[in-house]
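A structural walkthrough
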Amino acid sequence: MVHEAIDGETIAIHLGTGTYYSLDGVAGVLWSELASGCTRAELVTRAQERFDAESATVAAATVAFLDELLEEQLIVERPGQEAPAPQGAGRGSEPFSPPILERYTEMQEFMLVDPLHEVDVTIGWPNVKAE
Amino acid sequence: MSKPSEAELADFLELAEEELATAIASGEALEQNLRFARLDIALTIAGEALAAQLTAPIAARIKPAAGPLHARIGVWAEPSERVLALPWGEEDVGPMGRVRVDGRFIAVHDLGTGTVTLGDRERARILYRVPSWEQLAWWERAAPLRAPLFWALSGPNLHLVHGGAIGDGARGGVLLGGPGGSGKTTTALAGLEAGLRYVADDYLLLDARAARAWNIYGTAKLDADQLARFPALAREVSDAPPPGQKAHYDIARHRPDALVDSLELRAIVIPRVGGGTSVLRALDRAAALRALAPSSVFQLPFDRGAVVGGLAKVVRRLPCFELAVGDDLAELAAMVGDLLDRVGERTPA
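Structural notes, computed from the coordinates.

What counts and how
- Residues numbered from 1 in each chain as written.
- Chains lettered and ligands numbered in written order.
- Predicted model: local features only at pLDDT ≥ 70, side-chain atom pairs only at ≥ 80, totals over all residues.
- Heavy atoms only, no water.
- Helix = DSSP H or I, 4+ residues; strand = E, 2+ residues; numbered from the N terminus.
- Rg over C-alpha atoms; globule rule 2.2 N^0.38 Å.
- Buried < 20%, exposed > 50% of the residue type's maximum accessible area, 1.4 Å probe, protein only.
- Contact = heavy atoms within 4.5 Å.
- Areas by Shrake-Rupley, 256 points an atom, 1.4 Å probe, with all protein chains shown as cover.
- Pairing = 2+ DSSP bridges.
- Axes fitted to C-alpha atoms, helices over the stretch in contact; angles between N-to-C directions.
- Parallel < 35°, antiparallel > 145°, perpendicular 65-115°, else oblique.
- Left-handed = near helix turned anticlockwise from the far one by under 90°.
- Nonpolar A, V, L, I, M, F, W, Y, C, P; charged D, E, K, R; others polar.
- Patch = residues over 30% accessible without salt bridge, like charges linked within 9 Å, V, L, I, M, F, W, Y side chains within 5 Å.
- Salt bridge = Lys/Arg side-chain N within 4 Å of Asp/Glu carboxyl O.
- Lys, Arg positive; Asp, Glu negative; His and termini not counted.
- Charge placed at Lys NZ, Arg CZ, Asp CG, Glu CD.
- Polar contact = N/O pair within 3.5 Å; in protein donor to acceptor, adjacent residues only side chain to side chain.
- Core = buried A, V, L, I, M, F, W, Y, C linked by side-chain atoms within 4.5 Å.

Thoughts on the overall build of chain B
- Scanning chain B from terminus to terminus reveals 11 helices and 17 strands.
- The C-alpha radius of gyration computed for chain B amounts to 21 Å, which stays within 12% of the reference 20 Å derived for 349 residues, consistent with globular compactness.
- A principal-axis box enclosing the C-alpha atoms of chain B has dimensions of 60 × 40 × 40 Å.
- In chain B, buried positions account for 59% of the 349 residues.
- In chain B, once contacts between residues fewer than 6 apart in sequence are set aside, the share between residues at least 24 apart is 72%.
- For chain B, the accessible area works out to roughly 13600 Å², and carbon and sulfur atoms hold 50% of it.

Here it is in structure tokens:
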């Protein structure tokens, strides 16, 4: 998986499946929170404190978005994290709309075309990619 | 059969070296230094016919070595007798031809074309065996040695990009991005016809830090529609392509002055097949990266997505445009020229 944020939008590319994604607006905000590392509960609380909407609405949309990211294998969940309980986080001021994960699949056919070569990009050929 | 171990691959590489040495000893061999960006690669190809097939598109890259050797590539065709048996079976070949790529020794087997790439990372040595020069796939003749070259050329600031670049020395160049069939080649060749310089229409090396595009191949690939749209170029194409294939137009041979080593990039242009009148409009950066990155990642997945970071670096730095490619090629080229007039003014030192 490789991702890059540019002007508020994140482009995420799943190297294994050939699918790539665009995360804009609320989705881009949640992604950047996830990229910095957080639990489900922390993400929900941060979203509730940031966006101007009913806390239950934000929580439900955030959890649904998380589940979608997990299903697409864009993130992995470490064991031991509890599902968030709705809580009384403060209400934020940024406009809220349900986060959308835009999915593009037209590159999947190319996955079968080219030999894959793995090179350590920090030092280049002929060094081994450290796993 | 199971996947070969590191030791088995090491042994196989030695045997392959012997097979290559025998092929070299049994006829003429080409030995040249190739220069890509600032990297020198020593190329040896056994057999005149194979060398002739593989080197025409990279003829402009043949230059005297100017630095330490970055890699040595040896290329030969399978002998007609006593062919070296592969230490793996077809069932061991994974996605993208991977047999083993995670240790010192690597092996990639393209089952479609029968080519085998072997590498020894410690010795910066790459071996590339093809079934025969007569059976080279048309894309291998148009853009030869992609597997060994691309393997060798990926690096920290140098990225293999699926894209084109045209422009000139005074105004710099535009990076043409987007998936196959979007109009990169049409735009690049329209520019060529209008007197712009050419670095690439399909694959290039991007120095992301310097925002500079470097040439790899001196050949453009044209399908039947493009041959009809570029009659002057079509007249210089030696063979009409069979259905489903593309003709290659040898720019180094027919327009040697137009082929340049590199261009400093001043803008990013994402062509889209349009029709009617060509239209150039500003494009937001995220849309530009979305158009540029996936096709490089999935057509040239050699650096595990690091190309995305390199592309993002230039997307952040350069103005981005979408170009609806119209019917009038002169108008299309003029649009790129006008853009270069606008963005290509050099910043005073």
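Digging into the sheet that holds strand β6 (residues 116-120) of chain B
Residue and element names in this part refer to chain B.
- An order of β1-β2-β3-β7-β6-β5-β4 is seen for the 7 strands of this open sheet, with the pairing classed as mixed. The sheet terminates laterally at β1 (29-36) and β4 (98-100), the two strands that pair on one side only. Mean inter-strand twist for the sheet, computed between neighbouring axes without regard to direction, equals 15 degrees.
- Looking at chain direction, strand β3 (residues 69-77) and strand β7 (residues 125-130) are connected through 6 bridges and run parallel.

Side note on unusual backbone geometry
- Not every positive phi belongs to a glycine, and Gln73(A) is a case in point at roughly 60 degrees.
- Locating Gln73(A) in the fold gives a position in the loop between α3 (55-71) and β5 (94-95).
- Note on Gln73(A): relative accessible area 52%, which makes it exposed.
- One non-glycine residue, Leu145(B), lies in the positive phi region at around 60 degrees.

Details of the packing of helix α1 (residues 26-35) of chain A against α3(A)
Residues and elements named next belong to chain A.
- Across the interface, α1 lies against α3 with an axial gap of 11 Å and an inter-helix angle of 70 degrees. Taken together, the axes of α1 and α3 lie roughly perpendicular to each other. Classified by chirality, the crossing of α3 by α1 is right-handed. On the side of α1, the interface is formed by Ala27, Leu30, Trp31 and Leu34, while α3 contributes Thr62, Phe65, Leu66 and Leu69.
- Across the contact of α1 with α3, the residue classes tally to 7 nonpolar, 1 polar and no charged.

Topic: a negative patch on the surface
All names here are of chain B.
- Together, Glu8, Asp11, Glu14 and Glu18 make up a negatively charged patch on the protein surface.
- By the element assignment, Glu18 lies in helix α1 (residues 6-25).
- On the basis of relative accessible area, Glu18 is assigned to the partly exposed category, the value being 48%.

Quick word on the side chain of Asp120(B)
All names here are of chain B.
- The topology assignment puts Asp120 in strand β6.
- A residue is classified by how much of its surface remains accessible, and Asp120, at 1% relative accessible area, is buried.
- Separated by 2.8 Å, the side chains of Asp120 and Arg104 make a polar contact.
- A distance of 3.0 Å separates a polar atom in the side chain of Asp120 from the backbone nitrogen of Glu122.

Side note on the pattern of salt bridges
Residue and element names in this part refer to chain B.
- Under the criterion given, the structure shown has 29 salt bridges over all chains.
- We note a salt bridge from Asp261 to Arg61, for which the minimum N-O separation is 3.0 Å. On the criterion of sequence distance, the pair formed by Asp261 in the loop between α8 (251-254) and β15 (262-273) and Arg61 in the loop between α2 (48-55) and β3 is long-range, its members being 200 residues apart.
- Judged by relative accessible area, which is 3%, Arg61 ranks as buried.

What to know about the environment of His248(B)
Residues and elements named next belong to chain B.
- Position of His248 relative to the elements: it lies in strand β14 (residues 247-250).
- Here the alpha-carbon distance between His248 and Arg197, two residues 51 residues apart in the chain, equals 18 Å.
- If we ignore the near neighbours within four places in the chain, the residues touching His248 are Trp138, Arg141, Ala142, Thr219, Ala220 and Val237.

Comments concerning the nonpolar core
- In terms of nonpolar packing, the biggest core is built from 38 residues, with Ile13(A), Leu204(B), Ile268(B), Leu289(B), Leu311(B) and Val315(B) touching the most fellow members.
- Of all the elements in the fold, those that place two or more residues in this core are β1 (2-6) and β2 (9-13) of chain A together with β8 (158-168), β10 (197-200), β11 (203-207), β15, α9 (285-299) and α10 (306-317) of chain B.
- In terms of residues, this core owes the most to one element, α9(B), which gives 9 residues.
- Not counting residues up to four positions away in its chain, the partners in contact with Val315(B) are Ile6(A), Ile268(B), Arg285(B), Ala288(B), Leu289(B), Leu292(B) and Cys320(B).
- Leu30(B), Leu54(B), Tyr128(B) and Leu158(B) belong to the second largest nonpolar core, which has 37 residues in total.

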